[in-house]
Amino acid sequence: MLKGRNLIKPDDFTVEELDSILELGMQIKENPEKYNKVCEGKLIATLFYEPSTRTRLSFEAAMNRLGGRVIGFSDPSASSTSKGESLEDTMKIVSNYVDIIAMRHFISGSANQAAQACEVPFINAGDGENQHPTQTLTDLLTIKYYKSSLEKMTIGLCGDLKYGRTVHSLAKAMSRYSGIKFVFISPDELKMPDNVKEDIGNTEYIETKSLEDAIPELDVLYMTRIQKERFEDIDQYNRLKDTYILDLEKMDLAKEDMLVLHPLPRVNEIAVEVDQDPRAKYFEQAQCGMYVRMALIMKLLGL
Ligand code: CP
């Protein structure tokens, strides 16, 4: 039963609960008009303390497409946060106005802190370098849609595995399905953190610096942006920022049905020429994000 629950990290939900959200997301994707009144009279608050295009707008599109309405802010300097109001007080206040809250914050762990004070279902829309569970739902729906399964595949996670919260959440979530093998592709400075490697339990993984060596065996290649905003040393960022650039030459080394995903935004890590390759699904992935957020809102509201 998901009604009234919070989503802070993907493993807050059982595999069965995640699958039920994906199943509903799939149904909505096939027939969105059927759901365009289910949230009539309901209100979501989108509270974004950190920039976003996809997550905020897809939450807002999701609620609008369900027939509900949206309030919120994308510029916290225009809220009473700038006068010193605490995160907890903000959550208590906004809980009085809406039926559900989605929040993005730049501080790791802030989602948990906010959810404690929240009196309606709370969704973590990304907290610092920690977790981004609705991106994970997006990724799972996209993989399931194009591969018809979430089992028995080799998934390459490439780029900034240290600061990229999407790969932390995705690795944890996919490790709960059977037959998964990960290839973590990163420079030494941006390797997958030990706590994530511990969290994936007995799931097989290898680590490599070479995208060219890894790509032939992958069923899914998940590219990520080097997260400039999280570096303390800008020289280190400049040294690492173009470590991986996926281009058509590298795509020639890949399987004919390998899926290329990216949470977006991209900077240089996927050449624009790859967009035309039928294996590139990152724009479709962003659309899956809206459908799966529609499903999540419905489930948490018990609709
Ligand atoms: N993928 C993602 O979280 O994008 P935004 O930062 O634009 O929301």
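Residues numbered from 1 in each chain as written. Predicted model: local features only at pLDDT ≥ 70, side-chain atom pairs only at ≥ 80, totals over all residues. Heavy atoms only, no water.

The next subject is the layout of surface pockets. Here the largest pocket defines a volume of roughly 410 Å³. In this structure, the largest pocket is lined by 21 residues; those nearest its centre are Arg-104, Arg-165, Arg-225, Leu-264 and Pro-265. Contributions of two or more residues to the lining of the largest pocket are made by α2 (54–65) and α6 (165–174). Taken together, the residues that form the lining of the largest pocket break down as 4 nonpolar, 10 polar and 7 charged. A domain-level breakdown of the lining of the largest pocket finds at least three residues from each of domain 1 (10–131 + 289–301) and domain 2 (134–286). The space that makes up the second largest pocket amounts to roughly 170 Å³. Along its surface, the second largest pocket is lined by 13 residues, and Phe-73, Ser-79, Thr-90, Ile-93 and Val-94 are the ones closest to its centre. Among the secondary structure elements, those contributing two or more residues to the lining of the second largest pocket are β1 (43–48), β2 (69–73) and α3 (87–95). (1 Å grid on protein atoms, 1.4 Å probe; cavity = no way out; pocket = protein on both sides within 12 Å on 5 of 7 lines; lining within 4 Å. Points joined across faces, edges and corners; volume = space filled by probe spheres on them. Helix = DSSP H or I, 4+ residues; strand = E, 2+ residues; numbered from the N terminus. Nonpolar A, V, L, I, M, F, W, Y, C, P; charged D, E, K, R; others polar. Domains from an automatic or database assignment.)

Moving on, we get to empty space enclosed by the protein. If you walk through the whole model with that rule in mind, you get 2 cavities of 30 Å³ or more. Estimates place the volume of the largest cavity at around 70 Å³. Residue lining of the largest cavity: Arg-54, Thr-55, Ser-58, Gln-135, Thr-138, His-262, Pro-263, Tyr-282, Gln-285, Ala-286 and Arg-293, and that is the complete set. If you list the elements that add at least two residues to the lining of the largest cavity, you get α2, α5 (133–147) and α11 (282–300). Broken down by element, the residue count for the lining of the largest cavity peaks at 4 residues, all from α11. For the lining of the largest cavity, a count of residues per class yields 3 nonpolar, 6 polar and 2 charged. Residues from two domains meet in the lining of the largest cavity; each of domain 1 (10–131 + 289–301) and domain 2 (134–286) gives at least three. As for the second largest cavity, its lining consists of Gly-159, Met-223, Thr-224, Ile-226, Lys-241, Thr-243, Tyr-244 and Glu-269.

In helix packing, the relevant descriptors are the interaxial angle and the interaxial distance, both defined with respect to the helix axes. With their axes 9 Å apart at the nearest point, α5 and α6 run at an angle of 55 degrees to one another. Taken together, the axis directions place α5 and α6 in an arrangement best described as oblique. Viewed along their axes, α5 and α6 form a crossing whose handedness is right-handed. When α5 is examined against α6, the residues Pro-133, Gln-135, Thr-136, Asp-139, Leu-140 and Ile-143 are found in contact with a partner set consisting of Thr-166, Ser-169, Leu-170, Ala-173 and Met-174. Across the contact of α5 with α6, the residue classes break down as 6 nonpolar, 4 polar and 1 charged. (Axes fitted to C-alpha atoms, helices over the stretch in contact; angles between N-to-C directions. Parallel < 35°, antiparallel > 145°, perpendicular 65-115°, else oblique. Left-handed = near helix turned anticlockwise from the far one by under 90°. Contact = heavy atoms within 4.5 Å.)

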